[in-house]
2 protein chains.
Amino acid sequence: MSRAPPDVVFIGKKPLMAYATAVMMHFNSGSNQCTVKARGQSISHAVDVVEVVRNRFFQGKLVIKEVKIGTELLGEGDEQRNVSTIEIVLSKND
Amino acid sequence: MSRAPPDVVFIGKKPLMAYATAVMMHFNSGSNQCTVKARGQSISHAVDVVEVVRNRFFQGKLVIKEVKIGTELLGEGDEQRNVSTIEIVLSKND
């Protein structure tokens, strides 16, 4: 993840609606694509965010273009560990 | 999910290695495809399982064919709620 594309929402520990609103605002600002990213335990939360935005806010108008999963090495020295990642690319049908 | 295809591993609350072993055994029994499914909080766990199997057990030999996310309605009456789901289709490169 060296390149930081625009329109990325990172999912952390905030309430679901905080992220759902962020994704919605991206699309309402004229963008047609938004990527939702998360790591570790937040992966489940990211899927929840995407599903709420799709089903409740944009019924039928948002398409999941791609879902990628992967692994990232976090930390340094003895504290290095692998963390799973997810990237969900959403796109708007106009 | 009315149709239960073969070679499906459902991820729950067991330790990661229990599921990683189940996925590995599917492939070692001659099957070329395996689907990993999970719901709710277990979604993160499912991604961990897939990443461990891919990176540690089958380096370079397993391909993620498809990742699908969705929503399922669980429970009855007042207890109905939406739960996010994930399906990860793995396929073996021979």
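Below or above, wherever it landed, is the structure these notes cover. Quick caveat: nothing in here was measured; it's all calculated off a predicted structure.

Glancing now at the interface of chain A and chain B. Counting from both sides, the interface comprises 16 residues of chain A and, opposite them, 16 residues of chain B. Looking at the side of chain A that touches chain B, the elements with two or more residues in it are helix H2 (42-57), strand S3 (62-74) and strand S4 (81-92) of chain A. Among the elements that make up the side of chain A that touches chain B, the one with the highest residue count is H2 of chain A (seven residues). Class assignment of the residues belonging to the side of chain A that touches chain B gives a composition of eight nonpolar, six polar and two charged.

Moving on: the environment of Val 8 of chain A. All names here are of chain A. Along the chain, the position of Val 8 falls in strand S1 (residues 8-10). Note: C-alpha distance between Val 8 and Glu 87 (79 residues apart in sequence) is 9.4 Å. Once you skip the residues sitting within four places of it in the chain, Val 8 turns out to touch Thr 35 and Lys 37.

When chain A is fitted to chain B, the residual RMSD is 0.0 Å, and the transformation amounts to a turn of 180 degrees plus an axial shift of 0.0 Å. Such a combination of rotation and displacement between the chain copies is what one expects of a two-fold axis. When the interface residues of chain A are mapped onto chain B, 100% of them again fall at the interface, so both copies present the same face.

Turning our attention to the environment of Gly 40 of chain A. Summarising the element assignment, Gly 40 of chain A is placed in the loop between strand S2 (33-39) and H2. If we skip the residues at most four places from it in the chain, Gly 40 of chain A touches Val 83 and Ser 84 of chain A together with Ser 44 of chain B.

Let's shift gears to the sheet that holds S1 of chain A. Residue and element names in this part refer to chain A. Pairing in this open sheet of four strands is mixed, and the strands run S1-S2-S4-S3 from one edge to the other. The two strands at the open ends of the sheet, each matched to only one other strand, are S1 and S3. With direction set aside, neighbouring strand axes in the sheet form an average angle of 20 degrees.

One turn of an α-helix holds 3.6 residues; hence residues three or four places apart share an orientation. All names here are of chain B. Here helix H2 (residues 42-57) spans 21 Å end to end across 16 residues, near enough to the 22 Å set by a 1.5 Å rise per residue. Within H2, 12 of the 16 residues are buried, which leaves the element mostly enclosed by the surrounding structure. Within H2, the full set of buried residues consists of Ser 42, Ile 43, Ser 44, His 45, Ala 46, Val 47, Asp 48, Val 49, Val 50, Glu 51, Val 53 and Arg 54.

All names here are of chain B. Over its 13 residues, helix H1 (residues 16-28) runs 18 Å from end to end, which matches the ideal 18 Å to within 8%, given 1.5 Å per residue. Where H1 is concerned, the buried positions are Tyr 19, Ala 20, Val 23, His 26 and Phe 27. When H1 is viewed along its axis, its buried side chains cluster within an angular range of 120 degrees and face the same direction. Exposed side of H1, more than 90 degrees from the buried face: Met 17, Met 25 and Asn 28 are the residues found there. On the buried face of H1, the contacting elements are strand S1 (8-10), strand S2 (33-39), H2 and strand S4 (81-92). Where H1 terminates, the next one or two residues include Gly 30, which has phi positive at roughly 110 degrees.

Basis of the calculations
- Just so you know, the residues in each chain are numbered from 1, in the order the chain's sequence is written.
- Chain letters start at A and ligand numbers start at 1, both assigned in the order the entries are written.
- Only residues with pLDDT of 70 or above have their local features reported here, since the model is predicted, and side-chain atom pairs are shown and tallied only from 80 upward, although totals for entire chains, interfaces and linings are computed over all residues.
- Remark: residues whose backbone-derived C-beta atoms lie within 7 Å of one another are considered to be in contact.
- In this description a helix means any DSSP run of H or I spanning at least four residues, a strand means any run of E spanning at least two, and both kinds are numbered starting from the N terminus.
- Residues were grouped as follows: Ala, Val, Leu, Ile, Met, Phe, Trp, Tyr, Cys and Pro as nonpolar; Asp, Glu, Lys and Arg as charged; and all remaining residues, including Gly, as polar.
- All copies are superposed by least squares; the fitting set is the C-alpha atoms of residues with a pLDDT of at least 70 in both.
- Any two strands between which DSSP finds at least two bridges are classified as paired.
- Fitted lines through C-alpha atoms serve as axes, helices being fitted only where they are in contact, and the angles separating the N-to-C directions of these axes extend from 0 to 180 degrees.
- Multiplying 1.5 Å by the helix residue count minus one yields the expected span of that helix.
- Residues are called buried when their C-beta atom has 20 or more other C-beta atoms within 10 Å, exposed when it has 12 or fewer, and partly exposed otherwise; all C-beta atoms are positioned from the backbone.
- The arc in question is formed by the directions pointing from the helix axis toward the C-beta atoms.

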